[in-house]
2 protein chains.
Amino acid sequence: MQKKPRDPDNLGIKLDAQLCFAIYGAAHAFTRTYKPLLDPLGLTYPQYLVMIALWEEDDQPVKAIGDRLGLDSGTLSPLLKRLEQSGLVTRRRDRDDERQVRISLTKKGTELKAQATGVAQAIGKAVGCSLEEAVALRDELIALKQRLTKAGSEETQSSV
Amino acid sequence: MQKKPRDPDNLGIKLDAQLCFAIYGAAHAFTRTYKPLLDPLGLTYPQYLVMIALWEEDDQPVKAIGDRLGLDSGTLSPLLKRLEQSGLVTRRRDRDDERQVRISLTKKGTELKAQATGVAQAIGKAVGCSLEEAVALRDELIALKQRLTKAGSEETQSSV
DNA sequence: CGTAATTAGATTGTGCGCAATTGAATTGCG
DNA sequence: CGCAATTCAATTGCGCACAATCTAATTACG
């Protein structure tokens, strides 16, 4: 029932489409894998990413978190308010620069890290490959992201 | 600048977090790369994925498209209505099984494929690696997705 | 035949993700 | 100092993503 790929134009779009599907599917599979693990913690996947950023370094401005995760204030503002409502973080204006809102962990937010370790271990198991493979995949994805981002910015400036 | 991994617990969460960030970032970088290319076609990235599925095989039920892309009716129903409003597809009940809604390409939808070839080529360029590397990455991602999906389903059935 | 179980799709509600706009604070410059 | 440009967050609007619920059609089974 499958047609042979004999059209070169079609070959191009096919690989593109497959890489499309693959990365799209893998990202969502990741989210779905995390969901049952994060539900007991009361976190969504993006919220979990924000918490990781804060566990790595507490008391960051919104901008820093956004840069780390590639999210803008339109996404982060409501997300952080929900984390605040959950009692995991506090938001307060920086005294030296009142434009900035600094996000800090509460006691509850700090304590949640212990449980998150369990989540990470479960994910490590679900990923089902060695540390070396995981590292390699991570690096490939980072490199891919950088190439894509670079290509995008060149596209932009070439039009000037 | 890199710290040596001497804390096993912390190592786990760190690698997990990094793979997290990496796949999350790569997926979004992909979407952002597509956006300027798809805007002229009047398509979003998920809509583009649906169109690819239809270009590969026309006249599919919603369910088949959902299985292909891993999306449910809650996502596809409104998305397909938008594609219908754009004049790219038609939706009609299957005569033999009235539960199914079959999605077919219009003339306009079929013709859009020619332009999409240009998109695919631009993406191929932005990905910036050889066909072989792209194929390898695709396969790794597919394998990762399968492991994650499998781990998730085992988790579910183990509770019975 | 008729009822139960299954299946396909639509709808509702919550939470991202991002572009565009707004508003307040800070910085730069004359 | 005063004013323009910049920066940071918040808000608004649109489009996914997905769980939960609902309706209608089909299939299974007694």
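All figures in this text were calculated on a predicted structure; none of them were measured in a lab.

## Things to note about the interface of chain B and chain A
Every contact between the two is made by 57 residues of chain B and, on the other side, 57 residues of chain A. Of the roughly 5,500 Å² buried between chain B and chain A on both sides combined, carbon and sulfur atoms contribute 73%. Considering only the surface of chain B that becomes buried against chain A, Phe21, Tyr24 and Leu148 of chain B emerge as the three largest contributors, covering 13% of it. Summed over the shared surface of chain B and chain A, the number is zero salt bridges. Counting the contacts that link chain B with chain A gives six residue pairs in polar contact (both at pLDDT 80 or more). Contributions of two or more residues to the side of chain B that touches chain A are made by helix H1 (8-38), helix H2 (45-56), helix H3 (62-69), helix H5 (107-127) and helix H6 (131-158) of chain B. The element contributing the most residues to the side of chain B that touches chain A is H1 of chain B, with 23 residues. Here the side of chain B that touches chain A is composed, by residue class, of 37 nonpolar, 10 polar and 10 charged.

## Considerations on the packing of aromatic side chains
The geometry of an aromatic ring pair comes down to the distance between the two centres and the angle between the two planes. Evaluated as defined, the whole model comprises 10 aromatic pairs over all chains. Between Tyr48 of chain A and Trp55 of chain A the ring centres are 6.5 Å apart and the planes differ by 75°, which places this aromatic pair in the edge-to-face class. Exposure remark for Trp55 of chain A: the relative accessible area of 11% places this residue in the buried category. By the ring-pair criterion, three or more aromatic residues cluster together here, those being Tyr24 of chain A together with Phe30, Tyr34, Tyr45, Tyr48 and Trp55 of chain B.

## Details of the protein's contact with DNA strand C
Neighbouring DNA strand C are 29 residues; Thr44 of chain A together with Tyr24, Lys63, Ser77 and Arg91 of chain B lie closest to it. Within 4 Å of the protein, the contacting atoms of DNA strand C are 77% sugar and phosphate, with bases supplying the remainder. Residue Val62 of chain B places a main-chain N or O atom 3.2 Å away from a phosphate oxygen belonging to DNA strand C. Within the side chain of Lys81 of chain B, a nitrogen or oxygen atom sits 2.8 Å from a phosphate oxygen of DNA strand C. A per-class count over the surface near DNA strand C returns seven nonpolar, 10 polar and 12 charged.

## Description of the sheet that holds strand E3 (residues 101-105) of chain B
Residues and elements named next belong to chain B. The strand order E1-E3-E2 describes an open sheet built from three strands, whose pairing is antiparallel. With partners counted over all chains shown, the strands left at the sheet margins are strand E1 (60-61) and strand E2 (89-93), one partner each. Where E1 lies against E3, two bridges are found, and the strand directions are antiparallel. Its bridge partner lying in E3, Gln60 is registered against Ile103. Where H2 meets the sheet, it contacts E1, E2 and E3, and its direction lies at approximately 85° from that of E3.

## Some words on the sheet that holds strand E2 (residues 89-93) of chain A
Residues and elements named next belong to chain A. The antiparallel open sheet is built from three strands, whose spatial order is E1-E3-E2. On the outer flanks of this sheet lie strand E1 (60-61) and E2, each paired with one strand and no other. Strand contacts of helix H4 (residues 73-85): E2 and strand E3 (101-105), with the helix running at about 120° to E2, the strand carrying the most contacts.

## Describing the nonpolar core
Of all hydrophobic cores here, the largest spans 100 residues; its most connected members are Phe30 and Tyr48 of chain A together with Phe30 and Tyr48 of chain B. Not counting residues within four places of it along the chain, the set of residues in contact with Tyr48 of chain B comprises Asp16 and Cys20 of chain A together with Tyr34, Leu38, Leu43, Trp55, Ala116, Val119 and Ala120 of chain B.

## What about the protein's contact with DNA strand D?
Taken together, 29 residues sit near DNA strand D, with Tyr24, Ser77 and Arg91 of chain A together with Thr44 and Arg82 of chain B positioned nearest. Within 4 Å of the protein, atoms of DNA strand D come from sugar and phosphate in 78% of cases. Measuring from a phosphate oxygen of DNA strand D, one finds a side-chain N or O atom of Ser77 of chain A at 2.7 Å. One of the side-chain nitrogen or oxygen atoms of Lys81 of chain A is found 2.7 Å away from a phosphate oxygen of DNA strand D. When residues of the surface near DNA strand D are traced back to their parent elements, those giving at least two are helix H1 (8-38), helix H3 (62-69) and H4 of chain A together with H2 and helix H4 (73-85) of chain B.

## Side note on the relation of the copies chain B and chain A
With an RMSD of 0.0 Å, the fit of chain B onto chain A corresponds to turning through 180° and sliding 0.0 Å along the axis. Taken together, these values place the two copies in the relation of a two-fold axis. If distances are taken from each C-alpha of chain B to the rotation axis, the shortest is found for Ala27 of chain B, at 3.2 Å. Both copies contact each other with a shared surface, as 98% of the interface residues of chain B are interface residues in chain A too.

## Re the pattern of salt bridges
On inspection of all chains with the given rule, the structure shows 20 salt bridges over all chains. The partner of Asp59 of chain A in a salt bridge is Arg92 of chain A, and the shortest N-O contact between them spans 3.6 Å. Residue Asp59 of chain A is located in the loop between helix H2 (45-56) and E1, and its partner Arg92 of chain A is located in strand E2; the two are separated by 33 residues in the primary sequence. The salt bridge involving Arg102 of chain B is made with Asp59 of chain B; its shortest N-O contact spans 3.3 Å. Taken together, the residues span a long stretch of sequence, with Arg102 of chain B in strand E3 and Asp59 of chain B in the loop between H2 and E1 at a distance of 43 residues. Look at the salt bridges and you will find they share partners, linking Asp59, Arg92, Asp94 and Arg102 of chain A into a network.

Definitions and limits used
Residues numbered from 1 in each chain as written. Chains lettered and ligands numbered in written order. Predicted model: local features only at pLDDT ≥ 70, side-chain atom pairs only at ≥ 80, totals over all residues. Heavy atoms only, no water. Contact = heavy atoms within 4.5 Å. Buried area = accessible area lost by both parts, 1.4 Å probe. Salt bridge = Lys/Arg side-chain N within 4 Å of Asp/Glu carboxyl O. Polar contact = N/O pair within 3.5 Å; in protein donor to acceptor, adjacent residues only side chain to side chain. Helix = DSSP H or I, 4+ residues; strand = E, 2+ residues; numbered from the N terminus. Nonpolar A, V, L, I, M, F, W, Y, C, P; charged D, E, K, R; others polar. Phe/Tyr/Trp six-rings, centres within 6.5 Å; stacked < 30°, edge-to-face > 60°. Buried < 20%, exposed > 50% of the residue type's maximum accessible area, 1.4 Å probe, protein only. Near = heavy atom within 4 Å. Pairing = 2+ DSSP bridges. Axes fitted to C-alpha atoms, helices over the stretch in contact; angles between N-to-C directions. Core = buried A, V, L, I, M, F, W, Y, C linked by side-chain atoms within 4.5 Å. Least-squares fit on C-alpha atoms with pLDDT ≥ 70 in both.

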